[in-house]
Amino acid sequence: MFPTSIAGSLPKPAWLAETKKLWPQWRAQGDELRQAKADATLLWIKAQEDAGLDIVTDGEQSRQHFVHGFLEQVDGIDFEHKVKMGIRDNRYDAMVPQVVAPLKLKGRVHAFEAQLARAHTKRKLKFTLPGPMTIIDTVADQFYGDKVKMAFAFAELLNQEALALQADGVDIIQFDEPAFNAYMKDAADWGVKALERAAQGLTCTTAVHICYGYGIQANVDWKKSLGEEWRQYEQIFPALAASSIKQVSLECYHSHVPPDLMKLLDGKDVMVGVIDVASDEIETPEQVAETIGRALQFVPKQRLFPCTNCGLAPMDRDVAMKKLQALAQGAELARRRHA
Ligand code: ZN
């Protein structure tokens, strides 16, 4: 009951990359960088296991950013000439590469870290990929001229990598789609279909993570503008409930999402965010167990998976470590309470 996991990312150690940044610069290059990424991956697998998490991830230690880490292995993208673009419905600006030719994978994208992680943990392994809609919102298009067409082109590439990750022994493949919360109508109209294309043929567990973003200032300000009730999920959950995706990861703790919206995910496993990634304050096990208790009014207990609201990448490393422990201890308390 209540298997625990994180959304996906964890802070990079200071010897691997700049800290507390969404697009950090690496500290090394070539073989030295490859070794540093591997060391950081092993470190976080051990830390997640020691904290008591049931499902572990590679902590996204091998990618600079959760979207661009994938794009770096795609032909047809010009990384030399990045342009400034407003992303997530213009919530904030990012320097993004440009699509300039037909998209094609250069080869495997995440084989190195996925196989490394698989070789070093017996726990369930979750691996994250950006979702098609979030990718096209984080890259400039100079070639396709049609966002839906480009999203499906990316979905095909994601599918190739996802099938290969499954063959590497990954148990859960999660697509991150924060863009769903920025373009709810598009998400319901074609975003979920593009997601299903990316997950086509997978027999491992499939998941989607939809959040209100990392705990960066632009997101904190945006959340303040969303009013007392955040009802974005209401527009996208029915399409997801009707989809083939098995698990949905959502924000809960400290959010203004009405918890009864979780009822719209009937039949899905629900990864309930019980850890706030926008605050350095460490949750107590009691607070985590309380959030789980509240979610249980709307999600059956065999379908409730306690999780973090979003990735922990830009956080302080010690804070992230303590939040992992709070997550595991809170879930344990909830197990005793609701057994
Ligand atoms: Zn997120």
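Here's what I pulled together on the structure shown here. (Residues numbered from 1 in each chain as written. Predicted model: local features only at pLDDT ≥ 70, side-chain atom pairs only at ≥ 80, totals over all residues.)

**Considerations on the environment of Ala111**
Note the following rule: Each helix is a run of DSSP H or I of at least 4 residues and each strand a run of E of at least 2, with the numbering of both proceeding from the N terminus.
Counting through the fold element by element, Ala111 comes out in helix α3 (residues 111-120). Here the alpha-carbon distance between Ala111 and Ala289, two residues 178 residues apart in the chain, equals 36 Å.

**Brief notes about the sheet that holds strand β5 (residues 140-141)**
Selection rule: A pair of strands is considered paired only if DSSP assigns at least 2 bridges between the two. What counts as a contact here is a pair of residues whose C-beta atoms, placed from the backbone, lie within 7 Å. Axis lines are fitted through C-alpha atoms, for helices just across the contact stretch, and the angle between N-to-C directions can take any value from 0 to 180 degrees.
Taken together, three strands build an open sheet; the order of strands is β2-β3-β5 and the sheet is mixed. The open sheet is flanked by β2 (74-87) and β5, the only strands paired with a single partner. Its contacts with the sheet place helix α5 (residues 147-167) against β2, β3 (92-105) and β5, and it is angled at close to 75° to β3.

**A closer look at the packing of helix α9 (residues 285-295) against helix α10 (residues 317-338)**
The line we're drawing: Every angle not falling under 35 degrees, over 145, or within 65 to 115 is termed oblique; those three ranges are roughly parallel, roughly antiparallel and roughly perpendicular. Crossings are assigned a handedness: left-handed for a near helix turned anticlockwise from the far helix by less than a right angle, right-handed for a clockwise turn. Note on residue categories: nonpolar means Ala, Val, Leu, Ile, Met, Phe, Trp, Tyr, Cys or Pro, charged means Asp, Glu, Lys or Arg, and polar means any other residue, Gly included.
For the pair α9 and α10, the least separation of the axes is 7 Å and the interaxial angle reads 55°. Of the possible angle classes, the one that applies to α9 and α10 is oblique. Crossing of α9 over α10 shows right-handed handedness. Note on element contacts: α10 touches α9 through Ala326, Leu327, Gln329, Gly330, Ala331, Leu333, Ala334 and Arg337, opposite Pro285, Glu286, Gln287, Val288, Ala289, Ile292 and Gly293. Each residue belonging to the contact of α9 with α10 can be placed in one class, and the counts come to nine nonpolar, four polar and two charged.

**A word on the pairing of strand β4 (residues 124-130)**
Regular strands show a simple pattern: their side chains alternate between the two faces of the sheet. Note the following rule: Burial in this document is a count-based property: other C-beta atoms within 10 Å of a residue's C-beta are tallied, and the residue is buried at 20 or more, exposed at 12 or fewer, or partly exposed in between, with C-beta positions derived from the backbone.
Summarising burial for β4: six of the seven residues are buried, a large majority. The pairing of strand β1 (residues 55-56) with β4 spans two bridges and is classified as parallel. Counterpart to Val56 in the pairing with β4 is Leu125. Here β4 pairs with strand β6 (residues 172-176) via five bridges, running parallel. Note that in β6 the partner of Phe127 across the bridge is Ile173.

All quantities given are derived from atomic positions and should not be read as evidence of function.
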